[in-house]
Every structure is written in structure tokens, then in C-alpha cells.
There are 2 protein chains.
Amino acid sequence: MELQNLIRDVPNFPKKGIVFKDITTLLKDPVGLSGATEELYNFAKEKKITKVAGIESRGFIFGSLLAHQLKAGFIPIRKPGKLPADKISESYSLEYGTDSIEIHKDAIVEGDRVLLHDDLLATGGTMEAACKLVEKLGGKVIQISFLIELIFLNGREKLKQYDIRSIIQYNSE
Amino acid sequence: MELQNLIRDVPNFPKKGIVFKDITTLLKDPVGLSGATEELYNFAKEKKITKVAGIESRGFIFGSLLAHQLKAGFIPIRKPGKLPADKISESYSLEYGTDSIEIHKDAIVEGDRVLLHDDLLATGGTMEAACKLVEKLGGKVIQISFLIELIFLNGREKLKQYDIRSIIQYNSE
């Protein structure tokens, strides 16, 4: 099955002129859910991953599935103010202004082999910040994976020192 | 292994006087992650579940794991403004004021057998609203499950018409 056929285009979301790639139509299909999980798992299965970090909130979905399949721990990387214990923070640029993400200090131990996952690679700013968080805690970023990659936004350039994987690619809007 | 030992108490979060039950210490432990998944799966495995709905955002973690294990589809129930396509909304009461959650109209089809999952049962207001969303779309709520149940807040009373399951219970703060 072509997983790309399970992604729905929603025009003008979140604002006029943007075509949003909606993954909920893939998630609700058991064949899509298991097929995408298997493809993402196959990228990482030989990598001796010890932790999988998922970025809030859609990154939690396949992030936790990957952690379970890889017999690794799952680490949530969250929006500000959500994590309750000692944490570090990293900022990244948005189209207008900045945002930040956080990770618990005890989420990663020195030498952890980390897979980072998010649903969508656009400009790569969020994932770049997530990688910095993991590295600040002494983790090694072994792979970063995405369900969808928007090639035309060239997020790969910002993350070029990493092993970047994606299942579904779009060359243009 | 006693899964409860993997939950961390964080005092005074999100505000003074509250003891927050932090699940990240369970999630980062591969034995905790797989042990909790298996217990939640065992509650539902004979129930012919066709869709698992997880409530944003911590409910996405075991929600997607359960969907995958049960060979069901996964449905995200989200905070306002996050879902891109046609949706319905349901409000619920907070300590001060109200909040709401949303589901895509095409997430559930008439006759779907639905398991709803969230990480924590407190007063039950969010889950009650989530059940209403599923039922409005013609789904049958077969089970609702939680990682943690705060017995002393009596959320079970509000949800008593449902099959409620939880792995870890606290009788007092």
C-alpha cells in the first residue's frame, strides 16, 4: 500500500494559502498505522537505540511506537511549562518570533543512543533545537525520523550532520 | 515489577499544594513502557476494539501503543484549533472556567467499537467530554482506560456507565 495515499490535503490550514498535510487519515487506518510504524522501525532497528524522543504532540504517536518496538525508553520533548521536574530549554525561530521546547534533565544519560522523531520535517527548526537538548545532556543523536518531509522547505540542510529518514516526501506544495 | 514505583511525585506542580504524578520516569524505562502497555492491552484484547482514541497530549502515548497492539485505528482527540478538517467540539468544566476538546467528524463511523485512553483519571471531566464526542459520531464506548487513577477525586462516579480500567491507583495525595 502507498502510505502517501492515506495523507489528506487540507487547504488553507492553519492559515490561508497553506496546504496542511493531515496525518489523521493515516492514523485511523490500522494498515496505515502499522505500515508506517514498520517502515520507521526498519530505519532504526540495527542502530542500538536506547532512547526515543518524540516532540509534542504529534511526535508522541510514532515516537512511543518506535520506543516500544526498539525496546528503548520514550522521552517526551514538550512545550514550555508542561514538564514538572528539573529541565532545560532551547529556543528556535518561527516565521514571526521564537518558540521553545523543553526536556527533563534526567531524561538522557551520558552515552544514550537517541532516535528523535516528529511527524513532519518542514524548515527543521524544532528538530534542530530538539537535537541540541539531547546533546546538552550527553546523548548521541543516532537518527532523526519523520513521517512526512516537505523537501521544498529544505529542512535537511539545517540537519545535515544527522542521519535523516522520512517515509513520505513532497517535492512541492 | 511494581509499575507504581516508576511514577515520580513532583510537589507543588503545576501549582503550590498539588503533588503531580510524573509518568516520564516510567516512560523512559523500557520495562515500564512495555509493562504498562501490556497491562492496558490485556484489559481490552477480547473487546473487538476498532478504534482507540487518545486525549492530547499524554493520552497519545499509550493510546497509539494500544491502537497498534489491538490492530485498531488511532484517533487523536485534541485541544481547540489543532485539528484541520471538519470537526465537532465538546466543553467541560475546570476548577475555574471551562475548556473544550475536538474530534474530526470522519474519525469514527457508525458502529465503531471505541477504547478511549488518557494517562490520568482525576475528576473525569475531560474523559466524559471525550466519550460524548465519540457517541455523537455513532461510536460505542467499549472501554476507557488510564495509566493512573486518583481514587480520592472520584472521577469514576462521573463515568460509571462505562467499563473503567486503570493500572496504578492512589487512594490519597
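Relevant structure appears above.
Read on for an overview of the structure. (Residues numbered from 1 in each chain as written. Chains lettered and ligands numbered in written order. Predicted model: local features only at pLDDT ≥ 70, side-chain atom pairs only at ≥ 80, totals over all residues. Heavy atoms only, no water.)

## Digging into the relation of the copies chain B and chain A
Between chain B and chain A, the superposition needs a rotation of 180 degrees and an axial shift of 0.0 Å, giving an RMSD of 0.0 Å. As the rotation angle and translation indicate, the two copies are arranged about a two-fold axis. When the interface residues of chain B are mapped onto chain A, 100% of them again lie at the interface, so the same face is used by both copies. (Least-squares fit on C-alpha atoms with pLDDT ≥ 70 in both. Contact = heavy atoms within 4.5 Å.)

## Notes on the interface of chain B and chain A
In this complex, chain B contributes 41 residues to the contact, which on the side of chain A involves 41 residues. The contact between chain B and chain A buries some 3100 Å² in all, and 62% of this surface belongs to carbon and sulfur atoms. Its largest share of buried area at the contact with chain A, chain B owes to Lys28(B), His68(B) and Pro84(B), together 20% of the area lost on that side. Counting every contact that joins chain B to chain A gives 4 salt bridges. The partner of Arg8(A) in a salt bridge is Asp106(B), and the shortest N-O contact between them spans 2.7 Å. Linking chain B with chain A are 17 residue pairs in polar contact (both at pLDDT 80 or more). Elements with a minimum of two residues in the side of chain B that touches chain A: strand S1 (8–11), strand S2 (19–22), helix H1 (24–27), helix H2 (30–44), helix H3 (59–69) and strand S4 (73–77) of chain B. Per element, the largest residue contribution to the side of chain B that touches chain A is 7 residues, and it comes from H3(B). (Buried area = accessible area lost by both parts, 1.4 Å probe. Salt bridge = Lys/Arg side-chain N within 4 Å of Asp/Glu carboxyl O. Polar contact = N/O pair within 3.5 Å; in protein donor to acceptor, adjacent residues only side chain to side chain. Helix = DSSP H or I, 4+ residues; strand = E, 2+ residues; numbered from the N terminus.)

## Looking at the pattern of salt bridges
All names here are of chain B. The tally for this structure, following the rule as stated, stands at 28 salt bridges over all chains. For Lys 82, the salt bridge identified is with Glu 56, shortest N-O distance 3.3 Å. Taken together, the residues Lys 82 in the loop between S4 and strand S5 (87–93) and Glu 56 in the loop between strand S3 (51–55) and H3 connect sequence positions 26 residues apart. Judged by its relative accessible area of 29%, Lys 82 falls in the partly exposed class. (Buried < 20%, exposed > 50% of the residue type's maximum accessible area, 1.4 Å probe, protein only.)

## Some details on the packing of helix H3 (residues 59–69) of chain A against H2(B)
Where H3(A) meets H2(B), the axes come as close as 9 Å, and the angle between the chain directions of the two elements is 105 degrees. Judged on the interaxial angle alone, H2(B) and H3(A) are roughly perpendicular. Note on element contacts: H2(B) touches H3(A) through Leu33(B), Ser34(B) and Thr37(B), opposite Ser64(A), Ala67(A) and His68(A). Within the contact of H3(A) with H2(B), the residues separate by chemical class into 2 nonpolar, 4 polar and no charged. (Axes fitted to C-alpha atoms, helices over the stretch in contact; angles between N-to-C directions. Parallel < 35°, antiparallel > 145°, perpendicular 65-115°, else oblique. Nonpolar A, V, L, I, M, F, W, Y, C, P; charged D, E, K, R; others polar.)

## Considering the sheet that holds strand S8 (residues 140–150) of chain B
All names here are of chain B. Spatially, the 5 strands line up as an open sheet ordered S4-S3-S7-S8-S9, and their pairing is parallel. Two strands lie at the open edges of the sheet, namely S4 and strand S9 (164–170), each paired on one side alone. Averaged over all pairs of adjacent strands, the angle between their axes in this sheet comes to 20 degrees, without regard to strand direction. Note that S8 and S9 share 6 bridges and pair parallel. Bridge pairing links Phe 146 to Ser 166 in S9. (Pairing = 2+ DSSP bridges.)

Any link to function would need more than the numbers given here.
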